[in-house]
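Remarks on the overall topology
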Protein chains: 2
Amino acid sequence: MPRSSDPPAPAAVTAAARSPTGRARRNTGRSVLSDVAKLAGVSTATVSRVYNEPDKVSANVRERVEQAALTLNWFPNAAGRALASTRSHIAGIIIPTLDDQVFASQVSGMQAAFAARDITLFLGCSNYDPAQALVQVRAMLARGVEAMAVVGEAHPAELFDALRLYRVPYAVTYAYREGSPHDCIGFDNHAAYAEITEHLIGFGHRSFAVCIQPTRDNDRVQARVAGIRSTLERHGLAVRPEHMLEGASTIAFGRASLRALWQLPGERPTAIICGNDHIALGVLREAEELGIAIPAQLSVTGFDDLAMSRETRPTLTTMRVDTYEIGQLAARHLLDALDGKPARKGYRVPVALQARESTGPCAA
Amino acid sequence: MPRSSDPPAPAAVTAAARSPTGRARRNTGRSVLSDVAKLAGVSTATVSRVYNEPDKVSANVRERVEQAALTLNWFPNAAGRALASTRSHIAGIIIPTLDDQVFASQVSGMQAAFAARDITLFLGCSNYDPAQALVQVRAMLARGVEAMAVVGEAHPAELFDALRLYRVPYAVTYAYREGSPHDCIGFDNHAAYAEITEHLIGFGHRSFAVCIQPTRDNDRVQARVAGIRSTLERHGLAVRPEHMLEGASTIAFGRASLRALWQLPGERPTAIICGNDHIALGVLREAEELGIAIPAQLSVTGFDDLAMSRETRPTLTTMRVDTYEIGQLAARHLLDALDGKPARKGYRVPVALQARESTGPCAA
DNA sequence: TTGTAAGCGTTATCAA
DNA sequence: TTGATAACGCTTACAA
């Protein structure tokens, strides 16, 4: 066989490299397992064992093989390995976007936990588009992922169907919902926003505005809005339609929202519940500009507890969530599933309200 | 063959599934290409063509194959495909950490650009540890990545040797250095900090402090410090050793640094150059606490131009870098290399100084 | 345009 | 403990 690592051979070999009807052998310059076997004077099976079941090989042989591999600069090819075994050592995660720190750190947590078990992570971003998420999941299945994590439940049924059809263990992250058909690893968005709402109602607020991310195709945000609504309802309250604003999770949206709310005719809200700290920071900033006293005239809440939120004047009341931990827990949950361990249905990760200066008694 | 998708067969088949000396056929319940071929009544080659060179197949046959694939719920297995062709359709990127937005958005840019060409991205985080970076690169090579991006040049020689040995096109991102042996796609850290320093010198500052990330194993930060130093030197100036502070890129480090600097005996700096906006935001915040007037008493600069930096009082002078674009450019550069297009040595991405309120004339 | 069959680099079964 | 070899699921050179 005309391998680069073979001993020098007559030119005629080139012709012999062609099999009767098959194609010519490719010459990549890369050594393969059989080269190592030849150099070490053992069979391919033995070389394989050295790397997969080392203690089934005598120390002497093992050393010879490792030496040979080193000289030839060889390491196992993952595609070949995946094909021959049933394991790909690949897991996948689909997140909406890396531009949001909460998802980035979730990926970070999964990555670390999987790496400790020699599993590499395929990353896909759906850009909040269910269709893209489905495409990405299909691509990952084709790549033979052994496990998958997807953010949220708001995905096409085909997505979960495919995962089940191919028996790939998966977890829904970031969101935890009682009664979900999936293994959820995250927090209860509904409860978290109910808690925020109660916190404000406790201060005597009765007129609320909400500045939040787009609800479309986003079960987490929908749950949050539902949490706010049902809590208010229990107190005989509701958010006026014109006080319900959806937009990007940016400082700019927060600023624009407050300005718009303040220009509206009629009664002004005394509390604004924001979809995250970026939006809330924008509201705080615009309030300063408009001369609105916080919390005297207006209470503001965020979500995520960015480092910045402890530093603003006034400091921001928000909810702390450990997304890195969510990633780690999800990875461990999936690893357990791969190990055939009895599976828990999921984990509810706790959130912690950080009551700070931006919320206070209602003046009105 | 005992495939789940095969027509019902006599029980005897189970025995026949064993080849004379080989192992039994695996029964995964998953259809494979040959199942599709059988169902469509064509050869395996034809099925393959339908997906790889569709116009070499008659419309009639193509339709039959696609129908069969649909019924069997089949799609090509990436490992098999990678093994048979020479393409894996995988690229890799190694970044220090996802916790820093600049790297997260770089990954985001690469991901998008690669996805448009049907290439999936393997993600690795080195946690600023050269040894981990090397391990990750090796893992990616084993997985058959077709191209790689690594952040920065400060990596073990073996890392780049391995990449070259296996002829995997790679790019060094985030940093651009004239005369680098690698294809660099990023900005010139040295020049960027030289520009910041000149900006401050132009305001008459002569006593500087630097609050920056750890320089160890980090060529980008080293280049920044060198940029500051050489610029000062040209003006006969230097940073006193006690005014040179290294630490995490956090608000907390910024705050602690300013407090420490202000407690130091001797002449105080009139300008502080920070390694990024987080640190600078901390300095700004602590200055407010300590009653230090900015920029009257002290000028402060950041780096990265976070959205927040436009919103603080005073607003922060900083440098804008488009890291998402760096990711996109890197991906395109690597795609060009894969396409065999004439390779540019790299790209120098521009940075733009955002002169804002936190810098001004030196009062001293 | 379509079919045949070797070959991609491993693992795993069975026999020695 | 080690070796021989089929099989993993696909692509591709060549023949038809």
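Residues numbered from 1 in each chain as written. Chains lettered and ligands numbered in written order. Predicted model: local features only at pLDDT ≥ 70, side-chain atom pairs only at ≥ 80, totals over all residues. Heavy atoms only, no water.

- Under the annotation held in an unreviewed UniProt entry, chain A carries the name LacI family transcription regulator and is attributed to Caballeronia choica.

A short note on helix α7 (residues 130-142) of chain B
- Look at α7 of chain B: 19 Å from first C-alpha to last across 13 residues, which is about the 18 Å you get at 1.5 Å a residue.
- Among the residues making up α7 of chain B, those that are buried are P130, A133, L134, Q136, V137, M140, L141 and A142 of chain B.
- Residues of α7 of chain B that are buried in the fold lie against α5 (78-84) and α6 (101-115) of chain A together with β1 (90-95), β2 (120-125), β3 (147-151) and α8 (157-165) of chain B.
- One or two steps after α7 of chain B, the chain reaches G144 of chain B, where phi turns positive at roughly 80 degrees. (Helix = DSSP H or I, 4+ residues; strand = E, 2+ residues; numbered from the N terminus. Expected span 1.5 Å × (residues − 1). Buried < 20%, exposed > 50% of the residue type's maximum accessible area, 1.4 Å probe, protein only. Contact = heavy atoms within 4.5 Å.)

Quick look at the domain arrangement of chain A
- Taken as a whole, chain A is organised into domain 1 (12-76), domain 2 (87-187 + 324-351) and domain 3 (189-320).
- Each of domain 1 of chain A and domain 2 of chain A was reduced to a C-alpha centroid, and the two centroids are 36 Å apart. (Domains from an automatic or database assignment.)

Comments concerning the side chain of Q136 of chain A
- If you trace the backbone, Q136 of chain A turns up in helix α7 (residues 130-142).
- If sequence neighbours within four positions are ignored, Q136 of chain A has contacts with I94, G124, C125 and S126 of chain A together with Q111 of chain B.

Comments concerning the packing of α7 of chain A against helix α8 (residues 157-165) of chain A
Residues and elements named next belong to chain A.
- Orientation of α7 relative to α8, taken along the N-to-C sense of each, is 15 degrees, at an axis distance of 9 Å. The orientation of α7 relative to α8 falls into the category roughly parallel. Between α7 and α8 the crossing geometry is left-handed. For the pair formed by α7 and α8, the contact residues are A133, L134, V137, R138 and L141 on the first element and E158, L159, A162 and L163 on the second.
- Here the contact of α7 with α8 is composed, by residue class, of seven nonpolar, no polar and two charged. (Axes fitted to C-alpha atoms, helices over the stretch in contact; angles between N-to-C directions. Parallel < 35°, antiparallel > 145°, perpendicular 65-115°, else oblique. Left-handed = near helix turned anticlockwise from the far one by under 90°. Nonpolar A, V, L, I, M, F, W, Y, C, P; charged D, E, K, R; others polar.)

Topic: the nonpolar core
- Counting 100 residues, the largest nonpolar core has I95, F114 and F208 of chain A together with I95, F114 and F208 of chain B as the members making the most contacts within it.
- In this structure, I292 of chain A together with A209, L258 and A287 of chain B belong to the second largest nonpolar core, which totals 44 residues. (Core = buried A, V, L, I, M, F, W, Y, C linked by side-chain atoms within 4.5 Å.)

Let's talk about the packing of aromatic side chains
- Within the structure shown, the criterion is met by 15 aromatic pairs over all chains.
- Judged by centre distance (5.4 Å) and plane angle (40 degrees), the ring pair of F160 of chain B and Y170 of chain B falls under tilted. With F160 of chain B in helix α8 and Y170 of chain B in strand β4 (residues 170-175), this residue pair connects regions lying ten residues apart in the sequence. Each of the two residues, F160 of chain B as well as Y170 of chain B, counts as buried.
- Taking the centre distance of 5.0 Å and the plane angle of 15 degrees together, the rings of Y193 of chain B and F303 of chain B count as stacked. Of this pair, Y193 of chain B sits in helix α9 (residues 189-202) while F303 of chain B sits in the loop between β9 (299-301) and β10 (318-320), and the two are 110 residues apart along the sequence.
- Residue classification places Y193 of chain B among the buried residues on the basis of a relative accessible area of 0%.
- For F303 of chain B, a relative accessible area of 0% corresponds to the buried category.
- An aromatic cluster is present here, built from F103, Y174, F187, Y193 and F303 of chain A joined pairwise through their rings. (Phe/Tyr/Trp six-rings, centres within 6.5 Å; stacked < 30°, edge-to-face > 60°.)

As for the interface of chain B and chain A
- Counting residues at the interface gives 52 residues for chain B, matched by 52 residues for chain A.
- Around 4,700 Å² of area is buried between chain B and chain A when both sides are counted, 54% of it from carbon and sulfur atoms.
- In this assembly, chain B and chain A are joined by six salt bridges.
- With a closest N to O distance of 3.8 Å, R285 of chain B and E311 of chain A form a salt bridge.
- The tally of links from chain B across to chain A stands at 18 residue pairs in polar contact (both at pLDDT 80 or more).
- Those elements giving two or more residues to the side of chain B that touches chain A turn out to be α5 (78-84), α6 (101-115), β2, α7, α11 (251-263) and α12 (277-290) of chain B. (Buried area = accessible area lost by both parts, 1.4 Å probe. Salt bridge = Lys/Arg side-chain N within 4 Å of Asp/Glu carboxyl O. Polar contact = N/O pair within 3.5 Å; in protein donor to acceptor, adjacent residues only side chain to side chain.)

Quick word on the sheet that holds strand β6 (residues 208-212) of chain B
Residue and element names in this part refer to chain B.
- With respect to topology, four strands assemble into an open sheet ordered β7-β6-β8-β9, the strand pairing being parallel. Among the strands making up the open sheet, the edge pair consists of β7 (244-246) and β9. Within the sheet, the average angular offset between the axes of one strand and its neighbour, ignoring direction, is 15 degrees.
- As defined by bridge partners, β6 adjoins β7 across three bridges and the pair is classed as parallel. Bridge pairing in β7 links I212 to E246.
- In the packing of α11 onto the sheet, contacts are made with β6, β7 and β8 (271-274), and the angle to β6 comes to roughly 150 degrees. (Pairing = 2+ DSSP bridges.)

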